[in-house]
Structure formats: C-alpha cells, structure tokens
Amino acid sequence: MILVASIGLTALGALLAWQVYGIAGHRTPVLIMVRDVPIGQHLAAQDLRTVALGLDPGVQALEATEKGVVIGKRAAVDLKAGGLLSGTQVTDALVPAPGETIVPVALKPSRLPARGIQSGDQITVTAAQASATPPVDHTARVDRVGPVDADGLVVVDLIVPASNGTALARQAADGEIALVLRSRAG
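This one's a predicted model, so the numbers in the text were calculated from it and none came from an experiment. (Residues numbered from 1 in each chain as written. Predicted model: local features only at pLDDT ≥ 70, side-chain atom pairs only at ≥ 80, totals over all residues. Heavy atoms only, no water.)

A tally of regular secondary structure across the protein gives 3 helices and 9 strands. Reading the helices (α) and strands (β) of the protein from amino to carboxyl end gives α-β-β-α-β-β-β-β-β-β-α-β. Within the protein, buried positions represent 26% of all 186 residues. A sequence separation of at least 24 residues applies to 65% of the contacts in the protein between residues at least 6 apart. Per element, the accessible surface of the protein, about 11,600 Å² overall, is 59% carbon and sulfur. (Helix = DSSP H or I, 4+ residues; strand = E, 2+ residues; numbered from the N terminus. Buried < 20%, exposed > 50% of the residue type's maximum accessible area, 1.4 Å probe, protein only. Contact = heavy atoms within 4.5 Å. Areas by Shrake-Rupley, 256 points an atom, 1.4 Å probe, with all protein chains shown as cover.)

With that out of the way, let us pick up the sheet that holds strand 8 (residues 154–161). The sheet built from 5 strands is open, its strands ordered 5-8-7-6-9 with antiparallel pairing. Strand pairing shows two members of the sheet lacking a second neighbour, strand 5 (100–107) and strand 9 (177–181), which therefore form its edges. On average, adjacent strands in this sheet sit at an angle of 40° to one another, irrespective of strand direction. Alignment of strand 6 (residues 122–127) against strand 9, held across 5 bridges, turns out to be antiparallel. Directly across from Thr126, in strand 9, lies its bridge partner Ala178. (Pairing = 2+ DSSP bridges. Axes fitted to C-alpha atoms, helices over the stretch in contact; angles between N-to-C directions.)

The end-to-end C-alpha separation of helix 3 (residues 162–173) is 17 Å, in line with the 16 Å expected for 12 residues at 1.5 Å each. For helix 3, the full list of buried residues reads Gly165, Leu168, Gln171 and Ala172. When helix 3 is viewed along its axis, its buried side chains cluster within an angular range of 140° and face the same direction. Away from its buried face, by an angle of more than 90 degrees, helix 3 presents the exposed residues Ser163, Thr166, Arg170 and Ala173. Of the surrounding secondary structure, the elements contacted by the buried residues of helix 3 are strand 5, strand 6, strand 7 (138–148), strand 8 and strand 9. (Expected span 1.5 Å × (residues − 1). Arc of directions from axis to C-beta.)

Moving on, we get to the side chain of Arg74. With respect to the element layout, Arg74 can be found in strand 3 (residues 74–75). Buried and unpaired, Arg74 has Asp92 as its nearest opposite-charge partner, separated by 7.9 Å. Residues in contact with Arg74, not counting those within four places in the same chain, are Gly40, Gln41, His42, Leu43, Gln89, Val90, Thr91, Ala93 and Leu94. (Lys, Arg positive; Asp, Glu negative; His and termini not counted. Salt bridge = Lys/Arg side-chain N within 4 Å of Asp/Glu carboxyl O.)

Printed below as a string of structure tokens:
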C-alpha cells in the first residue's frame with residue numbers, strides 16, 4: 001500500500017514538474033529597447049534588441065517579427081533602455097504637427113471639468129474672470145494631463161495652432177483661465 005502511494009505521489013510530482021516546465025519553457029521572442037529614445041524620435045534598428053521571454057498572456061509586447069514595422073516609427077512616449085516595447089508606445093504621428101504648438105497650462109483643479117479631461121479631448125480655453133478687454137477664447141486639443149503637483153496645480157499640455165500659441169501662453173501665465181470640455185461625440 002505504501003509502495004502504491006509512493007508511486008502515485010511520484011507520478012503526481014512528475015506531472016506538476018512537467019506542467020511548470022512547459023509554462024516556464026514557453027518563450028516568446030519580443031522587442032526590448034537597447035537605449036533611451038525620447039518622445040517624438042524615430043526608432044532605428046540599433047535601438048531595438050530581440051530577447052526570448054516567458055510572458056503572461058496579459059503582458060502587451062511587440063513580438064520580434066514586428067521589428068520591420070516598428071523601425072522608422074516615432075516614440076509616442078519616452079522609451080527607456082531595457083524596457084519591453086508595446087504597440088501603444090510607437091506612432092506614425094508627430095506631436096505637435098507642423099503648424100501646431102504645445103502650450104503648457106497650469107491650473108487649479110477647480111478650473112477643469114470635474115469629469116476630467118484626457119488626451120485627445122477638444123476644449124475651449126476661456127478667461128475665468130471678467131476684464132476690461134473682451135476675452136479671447138482659444139480652441140485646443142489636450143495632449144497630456146499631469147498629476148496634481150505640490151502646489152496643487154495640474155499642468156495640461158494643449159495643442160493649438162502655432163499662430164495662437166504665444167497669445168494663449170500669455171493668457172495662461174496669469175492663471176486666470178478655465179478649460180471648457182467640448183463634446184466627445186464625433
């Protein structure tokens with residue numbers, strides 16, 4: 001009886017070891033960064049390396065077969081050496097595009113919509129207080145929204161036509177503006 005139980009435990013152990021080895025042994029060739037590439041820069045072949053990793057199905061990574069597609073694209077975020085590369089980190093678009101500029105605007109959270117704003121939202125920048133001169137509203141697109149900083153301000157990077165960039169920056173410098181979220185439909 002002890003011999004049968006011992007054989008059963010040995011078989012169970014062997015089965016478990018085989019399953020663990022099968023999971024750990026399955027490696028996928030993926031792309032990682034060899035060096036830092038700042039946002040907006042083109043990726044070159046020498047920026048990438050292929051490594052074989054055992055990945056959880058929830059991990060998003062570009063497989064090595066995608067290397068030819070990735071080369072020449074731009075970094076959508078700052079890419080760090082040694083980091084796994086995913087499809088959301090590369091883009092064909094240049095931000096800001098020719099004829100556009102990015103204006104950082106530091107605002108109190110009360111000057112933002114309570115529902116929040118996100119990259120890609122269309123907004124109107126308007127004067128938050130009455131003044132002797134008529135206010136000038138600016139249409140813009142949200143590029144990035146930073147966290148609340150130590151001063152209690154949120155920095156929002158806005159994409160505007162280059163011809164409006166300096167005027168909006170001057171208007172924003174006094175902090176007396178608010179962001180109005182336009183419809184997200186269409």
